[in-house]
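Structure at a glance
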Amino acid sequence: SLGLHPDEQNSGEEKRENFAIGLHLLMNYHFKDYARAERADLMGEMMFNGMLFGKPAANEVALKVSRSVTSCVFSSVALLRSIDTHGGALNDTACDQFAKIEDDAGLTDDRPYGQSFLHKRWKISQVRAIANDFADCIFKINHNPISEHGDFVEFDLERSVRFHLKTCSLTEQASKK
């Protein structure tokens, strides 16, 4: 299961799967009294402190993992949702300032442009444009300056159903029925 048989001609994916199984078996053997989460924590420590591959490689892995986790937590969509739902508590400028702090720290100097941990204002604006275009396909937003309630949303059911049928490639089937 460690993939140590030289006569095997496994693909890269099969080798990775075998290696993962082997690591799992080794961790279970050497740390059998540890809970699964504790074994995972040990593996992370060894990976990120340079014990396995050296400090430069550990730093690269840490950067990649941090980027992955941060892009899930601080995705453009999540930031935009927070901006739109918390009445100005978080805004484009604040997001841009957080991203600037990251830049100033120099953690991502070697990353290609636009791949920092936190998204810049232009990226949030890009996602906002996509979200607004999507909303325009489904909803009709009317502004009534006289109303004490401000903007209101009209939901056009026929327009929404047509949009959903088109995006799911079901227009032709729906017209037959």
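Residues numbered from 1 in each chain as written. Predicted model: local features only at pLDDT ≥ 70, side-chain atom pairs only at ≥ 80, totals over all residues. Heavy atoms only, no water.

Locating Arg39 in the fold gives a position in helix H2 (residues 36-48). No salt bridge is formed by the buried Arg39. Its closest oppositely charged neighbour is Glu38, at 7.4 Å. Once you skip the residues sitting within four places of it in the chain, Arg39 turns out to touch Met27, Asn28, Phe31, Lys32 and Tyr34. (Helix = DSSP H or I, 4+ residues; strand = E, 2+ residues; numbered from the N terminus. Buried < 20%, exposed > 50% of the residue type's maximum accessible area, 1.4 Å probe, protein only. Lys, Arg positive; Asp, Glu negative; His and termini not counted. Salt bridge = Lys/Arg side-chain N within 4 Å of Asp/Glu carboxyl O. Contact = heavy atoms within 4.5 Å.)

Its 13 residues give H2 an end-to-end C-alpha distance of 18 Å, which sits within 8% of 18 Å, the value for a rise of 1.5 Å per residue. The first or second residue beyond H2 is Gly50, which carries a positive phi of 90°. (Expected span 1.5 Å × (residues − 1).)

Right, let's get into the environment of Leu80. Considering the arrangement of structural elements, one finds Leu80 in helix H4 (residues 76-85). The class for Leu80 is buried, based on a relative accessible area of 6%. C-alpha separation for the pair Leu80 and Ala131, spaced 51 residues apart in sequence, amounts to 9.4 Å. Not counting residues up to four positions away in its chain, the partners in contact with Leu80 are Ile124, Val127, Arg128 and Ala131.

By size, the foremost hydrophobic cluster in this structure holds six residues: Leu79, Leu80, Ile83, Cys95, Ile124 and Val127. Taken together, the elements giving at least two residues each to this core come down to H4 and helix H6 (121-138). Ranked by residues supplied to this core, first place goes to H4 with three residues. (Core = buried A, V, L, I, M, F, W, Y, C linked by side-chain atoms within 4.5 Å.)

A surface patch of nonpolar side chains, amounting to about 230 Å² of accessible area, comprises Phe48, Val65 and Val69. Structurally, Phe48 can be placed in helix H2. Residue classification places Phe48 among the partly exposed positions, given a relative accessible area of 33%. (Patch = residues over 30% accessible without salt bridge, like charges linked within 9 Å, V, L, I, M, F, W, Y side chains within 5 Å. Areas by Shrake-Rupley, 256 points an atom, 1.4 Å probe, with all protein chains shown as cover.)

The residue Glu45 is located in helix H2 in this model. Overall, the relative accessible area of 44% leaves Glu45 in the partly exposed class. As a C-alpha pair, Glu45 and Ala58 span 13 residues in sequence and 10.0 Å in three-dimensional space.

Our focus in this paragraph is the packing of helix H1 (residues 12-30) against H2. Contact pair H1 / H2: the axes reach a minimum separation of 11 Å and the direction vectors enclose 110°. If you check the angle between H1 and H2, you find them roughly perpendicular. Seen along the crossing, H1 lies across H2 with a hand that is right-handed. Of the residues in H2, those touching H1 at Leu23, His24, Met27 and Asn28 are Arg36, Arg39, Leu42 and Met43. Split by residue class, the contact of H1 with H2 holds four nonpolar, two polar and two charged. (Axes fitted to C-alpha atoms, helices over the stretch in contact; angles between N-to-C directions. Parallel < 35°, antiparallel > 145°, perpendicular 65-115°, else oblique. Left-handed = near helix turned anticlockwise from the far one by under 90°. Nonpolar A, V, L, I, M, F, W, Y, C, P; charged D, E, K, R; others polar.)

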